[in-house]
Amino acid sequence: SGRLRELRQSRGLRLREFGALAVLCYQQRHCLSGRGAMVQFHAKVKFDYDAPKREKGVISLKVDETVEVLETRTGQEGWWFGIKEDGTKGEFPANYVARIKEYA
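None of the values given here were measured: they were computed from a predicted structure.

Draft legend 1. Structural view of the overall build of the chain. Along its length, the chain carries 0 helices and 10 strands. Ordering the α and β elements of the chain from the N terminus gives β-β-β-β-β-β-β-β-β-β. Counting the 104 residues in the chain, one finds 36% classified as buried. The contacts in the chain between residues at least 6 apart in sequence include a share of 40% that link residues at least 24 apart.

Draft legend 2. Up close: the pairing of strand E7 (residues 66-71). Summarising burial for E7: 5 of the 6 residues are buried, a large majority. Bridge count for strand E6 (residues 41-45) against E7 is 4 bridges, and the pairing is antiparallel. Following the sheet pairing, Phe41 is matched in E7 by Val69. Across 4 bridges, the pairing between E7 and strand E8 (residues 79-84) is antiparallel. Of the residues in E8, the one forming a bridge with Val69 is Gly82.

Draft legend 3. Geometry of the nonpolar core. Counting 15 residues, the largest nonpolar core has Tyr49, Leu61, Val69, Trp80, Phe92 and Val97 as the members making the most contacts within it. A per-element tally of this core places E6 first, with 3 residues.

Draft legend 4. Quick peek at the packing of aromatic side chains. Under the defined criterion, the tally for this structure stands at 5 aromatic pairs. When the ring of Phe41 is compared with that of Trp80, the centres are 5.3 Å apart and the planes differ by 80°; the resulting orientation is edge-to-face. In this pair, Phe41 sits in strand E6 while Trp80 sits in strand E8, placing the two residues 39 residues apart along the sequence. The class for Phe41 is buried, based on a relative accessible area of 3%. By relative accessible area, which is 18% here, Trp80 ends up buried. With a centroid separation of 6.1 Å and 80° between ring planes, the pair formed by Tyr49 and Trp79 is classed as edge-to-face. Here Tyr49 is found in the loop between E6 and E7, whereas its partner Trp79 is found in strand E8, with 30 residues between them in sequence. Assigned by exposure class, Tyr49 and Trp79 land together as buried.

Draft legend 5. View of the pairing of E8. The buried count for E8 comes to 5 of 6 residues, which makes it a mostly enclosed element. Two strands pair when backbone bridges link them, and E8 and strand E9 (residues 89-93) are joined in this way by 5 bridges, in the antiparallel orientation. Paired with Ile83 across the strands is Lys89, a residue of E9. Remark: 4 residues form the turn of the hairpin made by E8 and E9, two consecutive strands paired antiparallel; Gly87 in that turn has positive phi of roughly 95°.

Draft legend 6. Quick peek at the sheet that holds E6. Taken together, 5 strands build an open sheet; the order of strands is E9-E8-E7-E6-E10 and the sheet is antiparallel. The sheet is open, and its two edges are formed by E9 and strand E10 (97-99), each paired on a single side. Adjacent strand axes in the sheet meet at a mean angle of 45° when their direction is disregarded.

About the criteria used
Residues numbered from 1 in each chain as written. Predicted model: local features only at pLDDT ≥ 70, side-chain atom pairs only at ≥ 80, totals over all residues. Heavy atoms only, no water. Helix = DSSP H or I, 4+ residues; strand = E, 2+ residues; numbered from the N terminus. Buried < 20%, exposed > 50% of the residue type's maximum accessible area, 1.4 Å probe, protein only. Contact = heavy atoms within 4.5 Å. Pairing = 2+ DSSP bridges. Core = buried A, V, L, I, M, F, W, Y, C linked by side-chain atoms within 4.5 Å. Phe/Tyr/Trp six-rings, centres within 6.5 Å; stacked < 30°, edge-to-face > 60°. Axes fitted to C-alpha atoms, helices over the stretch in contact; angles between N-to-C directions.

Structure, rendered in C-alpha cells:
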C-alpha cells in the first residue's frame, strides 16, 4: 500500500505495517520485524538493480519494493544489508533506495 499504518499501540509498544511488512517497535527505536530481525528502518527502492549472479549475498532490487534495513555498516562503503518483502536477504547499494522518513 506504500503508507505506514499504526495497527496497535499499548504500553510503549507499537505494531506497525508498511505494505506487506510489519514490525513491533518499542520506544520507536527498537523494532523487530515479523521475521525476527532487528530493523533499523524501512527503505523504498528508487531504481532497479540487477545483482551479478557471481556475487553471493547481494540482492536485486525493483522500483517501489520496500526493504527492511538491518545494517548500514556492512564493511563495504555505500552498501547496506536488508530483507525484501519476499524474504530475500542480502547486501544492496544504499544509493538505490530512499529511507522512509515517517518510520525513522
